[in-house]
Amino acid sequence: MTRLAVGDAAPALELPAVLPDATGTGTGHTTGTFSLADALAEPDREGVVVYFYPAAMTPGCTTEACDFRDSLASLQSAGYAVVGVSPDGVDKLTTFAERDALTFPLLADTGHEALEAWGAWGEKKNYGKTYVGVIRSTVVVGPDGTVTVAQYNVKATGHVARVRKTLGLD
């Protein structure tokens with residue numbers, strides 16, 4: 001499996017998504033399509049934080065998503081957008097987004113194409129068993145479309161704080 005490294009061109013990312021409502025309250029989500037190229041083209045954009053997680057509504061993924069939600073205002077004020085990607089379908093992601101009042105897009109990569117292209121799909125070991133699945137990862141893409149941060153096999157707890165520190169926000 002190929003992982004992205006700092007300086008690499010980020011692969012294209014355009015997937016079905018659960019999008020937050022315009023008020024940013026975490027209620028009234030809609031479905032649509034998220035495009036990394038469009039997100040990077042927004043004025044004053046410093047980058048997009050793309051994080052990959054195994055499954056909506058599981059304890060670790062909920063912790064990580066809520067940490068990103070709680071840090072979103074400061075990330076946005078620094079010019080960063082946040083987007084989460086999982087192999088879950090749009091219906092499950094909608095339930096997740098509404099249950100936890102998530103205020104950033106959640107992307108549905110049910111065919112694993114983006115997960116594979118971004119190096120976040122591969123062999124894992126858990127409790128002595130080996131299987132293929134999502135490797136919890138975070139990649140930050142700069143406004144020019146290149147990778148500025150690439151972190152793989154991260155732990156959910158405390159991860160957002162480490163991303164913020166890496167970006168120089170803390």
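Residues numbered from 1 in each chain as written. Predicted model: local features only at pLDDT ≥ 70, side-chain atom pairs only at ≥ 80, totals over all residues. Heavy atoms only, no water.

Peer 1: In this structure, what is going on with the pairing of strand S1 (residues 14-19)? I would like to understand it.
Peer 2: Side-chain positions along a regular strand alternate between the two faces of the sheet. Sheet analysis places S1 next to strand S2 (residues 30-35), joined by 6 bridges and oriented antiparallel. Bridge pairing links Val18 to Thr31 in S2. Across 2 bridges, S1 lies against strand S5 (residues 106-108) in antiparallel orientation. Within the sheet, the bridge partner assigned to Val18 lies in S5 and is Leu106. (Pairing = 2+ DSSP bridges. Helix = DSSP H or I, 4+ residues; strand = E, 2+ residues; numbered from the N terminus.)

Peer 1: Would you explain helix H2 (residues 59-77) in this entry?
Peer 2: An α-helical segment advances 3.6 residues per turn. Residues three or four places apart therefore align on the same side. For H2, with 19 residues, the first-to-last C-alpha span of 28 Å sits near the 27 Å given by 1.5 Å per residue. Along H2, the residues that are buried comprise Cys61, Thr62, Glu64, Ala65, Cys66, Phe68, Ser71, Leu72 and Leu75. Of the surrounding elements, those touching the buried residues of H2 are strand S3 (47-52), strand S4 (80-86), helix H3 (90-99), strand S8 (137-141) and helix H5 (159-166). (Expected span 1.5 Å × (residues − 1). Buried < 20%, exposed > 50% of the residue type's maximum accessible area, 1.4 Å probe, protein only. Contact = heavy atoms within 4.5 Å.)

Peer 1: When you look at the state of the cysteines in this model, what are you seeing that I'm missing?
Peer 2: Every disulfide links exactly two cysteines, by a covalent bond between their sulfur atoms. Applying the stated rule across the entire model yields 0 disulfides. Not part of a disulfide, Cys61 finds its nearest cysteine sulfur in Cys66, a span of 11 Å. Accessibility expressed as a relative area gives 1% for Cys61, which makes it buried. The buried category is assigned to Cys66, whose relative accessible area is 14%. (Disulfide = S-S within 2.5 Å.)

Peer 1: Help me out: how do you make sense of unusual backbone geometry in this one?
Peer 2: Apart from glycine, the bulk of residues carry a negative phi angle, and the bulk of peptide bonds sit in the trans form. The residue Ala101 is not glycine, and still its phi comes out positive at about 50°. One non-glycine residue, Asn153, lies in the positive phi region at around 55°. Relative to the helices and strands, Asn153 is located in the loop between strand S9 (147-152) and H5.

Peer 1: Looking at this model, I keep getting lost on the packing of aromatic side chains. Mind explaining?
Peer 2: Centre distance and the angle of the planes are the two values used to describe a pair of aromatic rings. One pass over the structure, following the stated rule, counts 6 aromatic pairs. Aromatic pair Tyr51 and Phe68: ring centres 4.5 Å apart, planes at 20°, arrangement stacked. Linking Tyr51 in strand S3 with Phe68 in helix H2, this pair joins segments that are 17 residues apart in sequence. With a centroid separation of 6.1 Å and 50° between ring planes, the pair formed by Tyr53 and Phe96 is classed as tilted. With a gap of 43 residues between them, Tyr53 in the loop between S3 and H2 and Phe96 in helix H3 connect regions that are remote in the sequence. Taking the relative accessible area as the measure of exposure, Tyr53 reaches 0% and is therefore buried. Members of the aromatic cluster, each reached through a chain of ring pairs, are Tyr51, Tyr53, Phe68, Phe96 and Phe104. (Phe/Tyr/Trp six-rings, centres within 6.5 Å; stacked < 30°, edge-to-face > 60°.)

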